[in-house]
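# Summary of the model geometry
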Amino acid sequence: MTNDDNSGRGSRARGMGIAALRGLALALISLPGAVLCLVLSLVSIALIPIGVGIVTTPWVLTGVRTFADWRRVLAAEWGGVRIPPAYRPLPKDANPWARTFGMLSDPATWRDLLWLPVDMTAGFFTALLPAVLLFYPLEGFVIAAGLWRVFTDAGDGTYWYGFVPVTDQTSAFGAAALGVGLLFLAHFYTPRLLQAHFRLTRAVLGSNQGELAERVRVLTETRRDAVDTSAAELRRIERDLHDGAQARLVAMGMDLGTIEMLLDKDPEKARQLVAQARRSSADALSELRDLVRGIHPPVLAERGLGDAVRALALRLPVATEVNVELAGRAEAPVESAAYFAVSEVLTNAVKHAGADRIWIDLHHVDEAAGMLRISVTDNGKGGAVIGAGSGLAGVERRLGTFDGVLAVSSPAGGPTMVTMEIPCALS
């Protein structure tokens, strides 16, 4: 047997174990989480006619969306199943009435509510089945080892293992044979069953609108956001030039005119103004360099996204680990969008999360069209949401220009994991 065979079997065994443990964790969390979200949603919606639900429903539905977004993150990370959110944006200044009925008129809200009973039934079963296939055979082996006597003595003389009635050592061996058969099935189907769970989630949570209509709606929104973002960026550049480098260059021109008049009358004063003009030119050059760096950092253009993100991490006041697995470079606009999105997420983590450690992972997934996947995790206090006025909303708009998606998992108390995906190919 070669080393490759051993490593292949070891890899398959690890895959089985990981899939079983992840499925078990999903089953233990999905059932109570889905039940709680569904009950709270139904009660809150039922209280709308008496006015109480007008206040509570937006909060409850936001919690349901957070729960669904967390499952989207797990579907992408654990199953490679991408489930982009399709929630309609709400006005920034919406009152509770507008927020309640705005969310209830969104088809994505009803997909979330439909998904909850599916998740607590079929979703629970498909998540638990990988663990059952891997761990239930252990009971069959224990029975065959002689413990069938304990089980039969404790009952009516017959112990059922699956569909095998165990009454003596021979039937106990039959239980072990059934365990072997289940392990054989687990070898082939455990990871596939976990992926089937996420595909079921996508089938319910995924948008049921026509592909073309949904595509037109998303493109319209992202085009508008891209135009607004570009206009805001141009205004920022104009303001920075006017208030910074331009003002210094104007002052330096005035100083040079004064120097010209003082060269013969007051050489000492002229020398002082020359030194001042030199300092002004250096400050103007520094501001221009900062402005250019804010538009497109030189390290990003010269060395690519991975090294640019590493340079960002080195400037942070928080211990940061960066893992980059990129076999090439994406197009310059995609790299720029990803760089500034990571920069914004890191800024939020440093300013608001209270974290003392951050992990950044960049890798490219070779799917149909390729996917750049970036995750930023911190051990802060959590509570981050994608809402109007937050930095994450700006990140979502920036990624949306490239058909990218943003998912946030940030329970109270932390940790916070922000996952960004941008379809792209590497050169």
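The structure presented is a predicted model; accordingly, all values stated were derived computationally and were not measured.

Looking only at helices and strands, the chain has 11 helices and seven strands in total. The buried share of the chain, taken over its 427 residues, is 39%. Across the chain, contacts joining residues at least 24 apart in sequence account for 69% of those joining residues at least 6 apart. For the chain, the computed accessible surface area is about 23000 Å², with 62% contributed by carbon and sulfur atoms.

Before going further, it helps to spend a moment on the UniProt feature "transmembrane region" (unreviewed entry) in the chain. Per the UniProt record, "transmembrane region" (unreviewed entry) is annotated on residues 21-42, 48-68, 124-151 and 171-190. Within residues 21-42, the helical portion is 100% and the strand portion 0%, while the C-alpha atoms at the span's ends are 32 Å from each other. Along residues 48-68 the backbone is 81% helical and 0% strand, and the end-to-end C-alpha distance reaches 23 Å.

Right, let's talk about the side chain of Asp378 for a bit. Inspection of the secondary structure puts Asp378 in strand S5 (residues 371-378). It is Lys381 that comes nearest to the buried, bridge-free Asp378 among opposite-charge side chains, at 10 Å. In contact with Asp378, other than residues within four places in its own chain, are Ala349, Ala353, Ala355, Arg357, Ile358, Trp359, Pro415 and Thr416.

Bringing the environment of Asp307 into the picture now. Within the fold, Asp307 resides in helix H9 (residues 305-314). Since its relative accessible area comes to 24%, Asp307 is described here as partly exposed.

Here we take up the sheet that holds S5. Spatial ordering of the open sheet is given by S3-S4-S5-S7-S6, a layout of five strands whose pairing is mixed. The sheet is open, and its two borders are formed by strand S3 (319-325) and strand S6 (405-409), each paired with just one other strand. Between one strand and the next, the sheet's axes are offset by a mean angle of 10 degrees, whatever the strand orientation. On the sheet, helix H2 (residues 52-79) packs against S5, S6 and strand S7 (416-423) and is oriented at approximately 110 degrees with respect to S6. Packing against the sheet, helix H10 (residues 332-353) makes contact with strand S4 (357-365), S5 and S7, and its axis sits at approximately 10 degrees to S5.

Let us look at H10. The first and last C-alpha atoms of H10 sit 30 Å apart over 22 residues, in line with the 32 Å expected at 1.5 Å per residue. Directly beyond the C-terminal end of H10, a positive phi value near 65 degrees is found at Gly354.

Cut-offs used in this document
- Residues numbered from 1 in each chain as written.
- Predicted model: local features only at pLDDT ≥ 70, side-chain atom pairs only at ≥ 80, totals over all residues.
- Heavy atoms only, no water.
- Helix = DSSP H or I, 4+ residues; strand = E, 2+ residues; numbered from the N terminus.
- Buried < 20%, exposed > 50% of the residue type's maximum accessible area, 1.4 Å probe, protein only.
- Contact = heavy atoms within 4.5 Å.
- Areas by Shrake-Rupley, 256 points an atom, 1.4 Å probe, with all protein chains shown as cover.
- UniProt positions renumbered as here; feature names shortened; annotations may be inferred.
- Lys, Arg positive; Asp, Glu negative; His and termini not counted.
- Salt bridge = Lys/Arg side-chain N within 4 Å of Asp/Glu carboxyl O.
- Pairing = 2+ DSSP bridges.
- Axes fitted to C-alpha atoms, helices over the stretch in contact; angles between N-to-C directions.
- Expected span 1.5 Å × (residues − 1).

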